[in-house]
Amino acid sequence: MGRTVLIVDDHPSFRASARRMLEAHGYDVVGEAADGGAAVVSAERLRPEIVLLDVRLPDADGLDVARSLLRRTVAVPLVVLTSSHDYADLSGAIETSGVCGFIPKAELTAGALAAMVG
Amino acid sequence: MSSFRRSWFTAAALVAVAGVGMVFLVLGSAGTHSPGSFASRRRYLVYLLLIGWGFAGTGLYAWRRRPGNRVGPLMTATGCAWLVRGLEVSGSPLVFALGKVAAPWAFAVLTHLLLAFPSGRLGSWRLRLLAGIAYVNVTVLQLAEFLLTDTQAPGAECPGCPPNPVLVTGPSAMVDAVGAAIGAAQGLLALLVLVGLVVVLARRWFVATAGQRRSLTPVLVTGAVTVGLITVTVRGVPPAAADVLTVLTLTSFAFVPFAFLAGLLRSRLGEAEAVTMVVRRLGASTGRTAVRDALAEALGDPQLQLAYWVPEIASYADSTGHRINLPGPDDTTSASLISHEGEPLAAVIHAVSLAEQENLVPTIGAAVELALRNERLDAALRARVEELRASRARIVEAGDEQRRRIERDLHDGAQQRLMALGIDLRLARERVACDPAGSEDLLDAALHELGEATAELRELARGIHPSILTNRGLPAALQALAGRSPVPVVVTTSQHRFPAPIESAVYFLVSEALTNAARYACAQQVTVTVSDRAGLVEVEVHDDGVGGADPVRGSGLRGLHDRIAALDGRLEVASVGGQGTTLRVELPCA
């Protein structure tokens, strides 16, 4: 069985595509969450090994959710997904949030994720 | 004869009859006593008549000059109460008793008069309570005290007085105790009323303008002196001093009505003086606030504001063109309206105390009407500029908001779908060799996402600017709008092409109106009519919904108003509850 993943994104079509891609490459997608509040609840309940977290959620900033998750749960690799290709927009915030890094949504592949979380 | 004249003549006749009747009644009866230090009843009656007719005469004069003001009737009532007091020197026990019971009535009416001066009204519950206490004290408690007063008992304060015909007898200890309690209550209430009166008069003095103080001074000074003397006389002074104080009190009392008359005349002089001051000041000054400054100085109200009626914005505006709301009935300021030939011209917003001189502000306003009309033109121009500035700011804000909305729509809609599509296509490419059937499913999903993204982009583009409007003109664009509306729409439109900004404004007006009709108005039918004549495009959108739309509060309607105004057009919204909503627009199209 592959590593367990929680996908946090408010767009159902993106979550569906990401799930198809990850499961095709052996990951076990154990849950999906559409906002920050649901993400915290799901992460505490499911204890995934990887969390893919959209940076722009309807109820909160994705990086704030990441900090909250890191405070509440055991250390878990958090990967931020962003629509922006411009790392300069987010570099400062990402470095201080404690997440592993970010992957532009348009470039999300199993290889990119593996390279990020090891 | 009008009801006022009938009342006035009746009161005048009563005053005359009461005065003369009182003299005959007293002089015609046996008796030798007189109150206080008055050795002769004749001297006492001279005082009574002087004071009573003085109050009544000036009161009747004031009543006639200012029928709407209750000061006149109160002055007249004070005079009558004073004349009735003369009955106490009668030798007839019954008339004497009536006089003793009625003796302090004049003081209560005078208290009422001072509390109500100069408006004639007791404007708050505190004033009404104070006057009420004074009346209870001189009626209920005075009657109770007299019922227990044996006027012929050894050591009584009234040597030579007739016997009390309504004397209540009983155990002397009990009568003495009850009498003492009533006397103490009377004294306490009198002190309470006095302190309250002093506070009220002092406060009124401090908030009064210079002009008002000129008219208040005589009345307040003589009134305060008189009430002070009465209080000292009533309680705890040796008989010799009491005699002197009684004379002083009556003398002071005699001056009060004439002081009021002086105050009234000063008030009239104050109006003329204020008009002269305004005109002189206006002649010597220029500038946007010349009239306001002159009025503020003449009326002694530095906080005075001048609001000009600007028909173009259907509102009052100050000299800088900013809209201004007139004070309501509960505010600390009051507004006096100035009009010209029935049309509102301006409003003077001033201290509430100035409203008590009801003719003052309108009189001065009429004197400066020409200057006001000139300043109003300036204010109207500034109001127009201010309206344009606000409209420009709203248009910029609306543009920013629209860009934010487009970014949000792109991010949340098409962009997400395209990224999902990218993931699916990459996965399909990876699996096409080993899993053709799975790849086919992935490609179907990608095509579905592509279709959705295309539709969302098309809708977004139409919201920015509909291509059909550019390519096929207003009739086709409006028909397309009608076709997408959930409410049946009948469109009748001119077939002419208009400049792009006009077509765009009309299109978005109709689009907003149809959205509102479906979303808020619960309409069953909408009609859209676009016509053009004499260089003017006229649009009317009518729905049969619930009505009650507020063009000021709705950001959509306000945005439309700004867009139309930017093209020098005019938007009218008629939306009475239960009668649907009609938008009418006129756009110049030369």
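Colleague: Help me understand the overall build of chain A in this model?
Modeller: Looking only at helices and strands, chain A has five helices and five strands in total. Moving toward the C terminus, one meets the helices and strands of chain A in the order β-α-β-α-β-α-β-α-β-α. Counting only contacts in chain A whose residues sit at least 6 apart along the sequence, the fraction spanning at least 24 positions is 62%. Accessible area for chain A stands at about 5,000 Å²; split by element, carbon and sulfur atoms hold 52% of it.

Colleague: It is not clear to me how the overall build of chain B should be interpreted in this structure. Could you clarify?
Modeller: The helix and strand tally for chain B stands at 16 helices and 10 strands. Counting over 590 residues, chain B shows a buried share of 43%. Of all intrachain contacts in chain B linking residues separated by at least 6 positions in sequence, the fraction that spans at least 24 positions is 66%. On chain B, roughly 29,900 Å² of surface is accessible, and the fraction owed to carbon and sulfur atoms is 61%.

Colleague: Just to check I follow, could you spell out the interface of chain B and chain A for this structure?
Modeller: By a frequent convention, interface size equals the accessible area lost on bringing the separate parts together. Between chain B and chain A, the residue contacts involve 18 residues of the former and 16 residues of the latter. The contact between chain B and chain A buries some 1,500 Å² in all, and 55% of this surface belongs to carbon and sulfur atoms. It is Gln416, Met419 and Ile423 of chain B in chain B that bury the most area against chain A; as a group they hold 35% of the surface buried on that side. If you look at where chain B meets chain A, you find two salt bridges.

Colleague: I would appreciate a short explanation of the pattern of salt bridges in the present structure.
Modeller: Should their charged atoms come close, side chains of opposite charge can pair. Residue and element names in this part refer to chain B. Per the counting criterion, the structure on display carries 28 salt bridges over all chains. One salt bridge in this structure joins Glu456 and Arg417, with 2.9 Å as the shortest N-O distance. Here Glu456, found in helix α13 (residues 436–464), pairs with Arg417, found in helix α12 (residues 369–431); they are 39 residues apart in sequence, far enough to count as distant. By relative accessible area, which is 28% here, Glu456 ends up partly exposed.

Colleague: So what exactly am I meant to see when it comes to the sheet that holds strand β4 (residues 78–82) of chain A here?
Modeller: All names here are of chain A. An order of β2-β1-β3-β4-β5 is seen for the five strands of this open sheet, with the pairing classed as parallel. In the strand order of this sheet, the two ends are held by β2 (28–33) and β5 (101–104), each with one partner. Direction aside, neighbouring strands of the sheet carry axes that sit 25° apart on average. Across four bridges, strand β1 (residues 4–8) lies against strand β3 (residues 50–54) in parallel orientation. Bridge pairing in β3 places Val5 opposite Ile50. Those strands touched by helix α1 (residues 12–24) are β1, β2, β3 and β4, and its axis lies near 170° from that of β2.

Colleague: When you look at the packing of aromatic side chains in this model, what are you seeing that I'm missing?
Modeller: Working definition: an aromatic ring pair is given by the centre-to-centre distance plus the angle between the planes. Residues and elements named next belong to chain B. Throughout the structure, instances matching the rule amount to four aromatic pairs over all chains. Arranged with centres 6.0 Å apart and planes meeting at 70°, the rings of Trp82 and Phe107 form a pair that is edge-to-face. Here Trp82 is found in helix α3 (residues 71–85), whereas its partner Phe107 is found in helix α5 (residues 105–116), with 25 residues between them in sequence. A residue is classified by how much of its surface remains accessible, and Trp82, at 0% relative accessible area, is buried.

Colleague: Looking at this structure, I do not really get the confidence of the model for chain B. What am I missing?
Modeller: Reading fine detail from the predicted coordinates is not recommended where pLDDT is low. Per-residue confidence for chain B gives a mean pLDDT of 82, with 89% of residues at or over 70. Prediction confidence for the complex, expressed as pTM and ipTM, is 0.47 and 0.85 respectively.

Colleague: Help me understand the sheet that holds strand β5 (residues 343–351) of chain B in this model?
Modeller: Consider a sheet: its strands pair through backbone hydrogen bonds, and that pairing is either parallel or antiparallel. All names here are of chain B. With respect to topology, five strands assemble into an open sheet ordered β3-β2-β1-β5-β4, the strand pairing being antiparallel. Bordering the open sheet on either side are β3 (323–324) and β4 (333–340), each of which pairs with just one other strand. Direction of pairing for strand β1 (residues 305–310) relative to strand β2 (residues 315–317): antiparallel, over a ladder of three bridges. Within the sheet, the bridge partner assigned to Trp309 lies in β2 and is Tyr316. Sitting on the sheet, α12 touches β1, β2, β3, β4 and β5, and the angle it makes with β1 is about 70°.

Colleague: Explain the side chain of Thr493 of chain B here, please?
Modeller: Residue and element names in this part refer to chain B. Take Thr493: it is sitting in strand β6 (residues 489–493). What makes Thr493 buried here is its relative accessible area of 16%. Those residues in contact with Thr493 that sit more than four places away from it in its chain are Pro475, Leu478 and Val530.

Calculation criteria
- Residue numbers restart at each chain and count upward from 1, following the sequence in its written direction.
- Chain A is the first chain written and ligand 1 is the first ligand written, with later ones labelled in order.
- For this predicted model, a pLDDT threshold of at least 70 governs which residues receive local features, and a threshold of 80 or more governs which side-chain atom pairs are given and counted, while totals over whole chains, interfaces and linings are taken from all residues.
- Derived side-chain values reflect all non-hydrogen atoms in the structure, with water molecules and hydrogen atoms excluded from consideration.
- In this text, helices come from DSSP runs of H or I with a minimum length of four residues, and strands from runs of E with a minimum of two, each type numbered from the N-terminal end.
- Should any heavy atoms of two residues lie within 4.5 Å, those residues are considered in contact.
- For the area figures, the Shrake-Rupley method with a 1.4 Å probe applies, and any residue is considered shielded solely by the protein chains shown.
- Buried means the residue's accessible area, taken with a 1.4 Å probe over protein chains only, is under 20% of the maximum for its type, while exposed means over 50%, and partly exposed covers the values in between.
- Buried surface area refers to the total accessible area, computed with a probe of radius 1.4 Å, that the two partners give up upon joining, counted for both partners together.
- The term salt bridge refers to a side-chain nitrogen of Lys or Arg lying within 4 Å of a carboxyl oxygen of Asp or Glu.
- DSSP-based pairing: two strands are paired if at least 2 bridges between them are found.
- Here the axes come from fitting lines to C-alpha atoms, over the contacting stretch only for helices, and the angles between their N-to-C directions go from 0 to 180 degrees.
- A pair of Phe, Tyr and Trp rings is counted when the ring centres sit within 6.5 Å of each other, with Trp represented by its six-membered ring. The angle between the planes then sorts it: under 30 degrees is stacked, over 60 is edge-to-face, the rest tilted.
- For every residue, the predictor reports its confidence as pLDDT, a number between 0 and 100.

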